[in-house]
Amino acid sequence: MPLGNRRTGSERLNLPMLSLQLHGDRDLRVEEIAPPPPPAAGEVQIRVRAVGLNYLDLWGFRGMAFAKRKMPQAAGVEAAGEVIAVGEGVSRFREGDTVTMYGAETCGHCKACREGRDNLCENVAGIMGFHIDGFARELINRPERLVIKAPKGVSFEDAACAPIGFGTVQHMLFDNARLEPGESVLVHAGGSGIGTAAILMAKAIGCTVYTTVGDDEKGAKAKALGADHVINYREDRFEGVVRKLTGRKGVDVVFEHVGADTWNGSLLCLKRGGRLVTCGATSGPSATINLMQLFQQQYRITGSFGCRMENIAQSLEKMAGGMKPVIDSVFPLAEFEKGLERIEGRKVFGKVIVAF
Ligand SMILES: [Zn+2]
């Protein structure tokens, strides 16, 4: 049975629907589950079309935080789809709109939410696809306030990269690191989903981009994306290369998400007064820090997690303006495991999408 067109338009059949369900450690299954009811007042019903795979999905795979979760749980931490029905009182959406959704169940009324700092919500009920059911299901009902419309011309695959692939990077580089046109930035893992987005966004405002990659093929692709200097971290110590290329001055900003393996080298790459922003620790979460170096060099280190709703809208605008996310591969739902293998094996260049 082809998965792509079981439900279209406003068709709302009371049939079971397909979902990618996480049952336990390394136990993900495509299964039929009950569809949601018609959208309630203030809700939008979305036919999910594309789900972006992320390290969060891998962590689910590895069994992190299982104790706190109710299994089985729908996987998927970012997605895009088409509005197929709206509940009473919904004014911003209509059938046929391409939309994406915020990936956390925020309260909408605390101080942080009111100020648009959604990822600091004081009453957040969990991250979808991690603590609570995610987006990997054919139909989903979401509150209107957590749905974001994509401008015309943005595809489902691209829009699916907006909440994390692009939104996280928008938040890191511009809200947190306050990257300015003409500055220099070191982007770690330039072949990853967020690494490719960081290269694109930094180059778009005229920054000089240094990036690390694990092989020469990824290096050539990173260069083609616009990176000025590509460093194969398996062959060279990246901190030595960056310091040499910057005349021992260092860069203005380091975009970190690798963690233990790169932390000290990343700090050595920073200019005096430089900014390091981090959103991940794929090589491990523990590192040491030399406090003398921290205060004498006047570094600013910022942790970043997720993004604000506005960052997703900004990301979609960038896409509509021609900044296409780098998509490594698109797999049908039945072959989602191939996508996870590509991410886990570090074979990807860009994002992996599962089509629904
Ligand atoms: Zn809140």
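Values in this document were obtained by computation on a predicted structure and should not be read as measured data.

Caption draft 1: Representation of the side chain of Thr-196 in the model. Mapped onto the fold, Thr-196 is located in helix 5 (residues 193-204). Relative accessible area serves as the criterion here: at 1%, Thr-196 is assigned to the buried category. The residues contacting Thr-196, other than those within four sequence positions of it, are Gly-190, Gly-191, Leu-225, Val-326, Phe-349 and Gly-350.

Caption draft 2: Region of the structure containing the nonpolar core. Ranked by internal contacts, the top residues of the largest apolar core, which has 45 residues, are Val-169, Leu-173, Leu-179, Val-185, Phe-255 and Leu-316. Elements that contribute at least two residues to this core include exactly helix 4 (162-176), strand 9 (184-187), helix 5, strand 10 (208-213), strand 12 (251-256) and helix 10 (309-320). For this core, the element with the highest residue contribution is helix 5, accounting for seven residues. When residues of this core are assigned to domains, at least three fall in each of domain 1 (3-161 + 325-355) and domain 2 (166-303). The residues touching Phe-255, leaving out its near neighbours within four places in the chain, are Val-169, Met-172, Leu-173, Leu-186, Val-187, His-188, Ile-194, Gly-195, Ala-198 and Val-277.

Caption draft 3: Quick look at the coordination of the zinc ion. Binding of the zinc ion to the protein goes through Cys-107 (SG), Cys-110 (SG), Cys-113 (SG) and Cys-121 (SG), at separations of 2.3 to 2.4 Å. Coordination at the zinc ion is tetrahedral: its four donor atoms span angles of 103 to 119 degrees at the metal. Mapped onto the sequence, the residues coordinating the zinc ion show the spacing C-x2-C-x2-C-x7-C. One end of the pair, Cys-107, is in the loop between strand 6 (98-101) and helix 2 (111-114); the other, Cys-121, is in the loop between helix 2 and strand 7 (139-143), with 14 residues separating them in the sequence. As far as burial versus exposure is concerned, Cys-107 and Cys-121 are alike and both buried.

Caption draft 4: Region of the structure containing the packing of helix 4 against helix 10. Two numbers describe how helix 4 lies on helix 10: the axes approach to 8 Å, and their chain directions differ by 105 degrees. Classified by the angle between their axes, helix 4 and helix 10 sit roughly perpendicular to one another. Mapping the contact onto sequence places Ala-162, Pro-163, Phe-166, Gly-167, Gln-170, His-171, Phe-174 and Asp-175 in helix 4 and Asn-311, Ile-312, Gln-314, Ser-315, Leu-316, Lys-318 and Met-319 in helix 10. The residue makeup of the contact of helix 4 with helix 10, split by class, is seven nonpolar, six polar and two charged.

Caption draft 5: Quick look at a nonpolar patch on the surface. On the surface, a nonpolar cluster with roughly 480 Å² of combined accessible area is contributed by Ile-289, Leu-291, Met-292, Phe-295 and Ile-301. Here the nonpolar patch takes three residues from helix 9 (residues 291-296), the largest share from any one element. Turning to its location among the elements, Ile-301 is positioned in strand 14 (residues 300-303).

Parameters at a glance
Residues numbered from 1 in each chain as written. Predicted model: local features only at pLDDT ≥ 70, side-chain atom pairs only at ≥ 80, totals over all residues. Heavy atoms only, no water. Helix = DSSP H or I, 4+ residues; strand = E, 2+ residues; numbered from the N terminus. Buried < 20%, exposed > 50% of the residue type's maximum accessible area, 1.4 Å probe, protein only. Contact = heavy atoms within 4.5 Å. Core = buried A, V, L, I, M, F, W, Y, C linked by side-chain atoms within 4.5 Å. Domains from an automatic or database assignment. Donors = N, O, S within 2.8 Å, 3.2 Å for Na, K, Ca; no water. Tetrahedral: all angles 85-135°; square planar, octahedral: opposite > 155°, others 65-115°. Axes fitted to C-alpha atoms, helices over the stretch in contact; angles between N-to-C directions. Parallel < 35°, antiparallel > 145°, perpendicular 65-115°, else oblique. Nonpolar A, V, L, I, M, F, W, Y, C, P; charged D, E, K, R; others polar. Patch = residues over 30% accessible without salt bridge, like charges linked within 9 Å, V, L, I, M, F, W, Y side chains within 5 Å. Areas by Shrake-Rupley, 256 points an atom, 1.4 Å probe, with all protein chains shown as cover. Salt bridge = Lys/Arg side-chain N within 4 Å of Asp/Glu carboxyl O.

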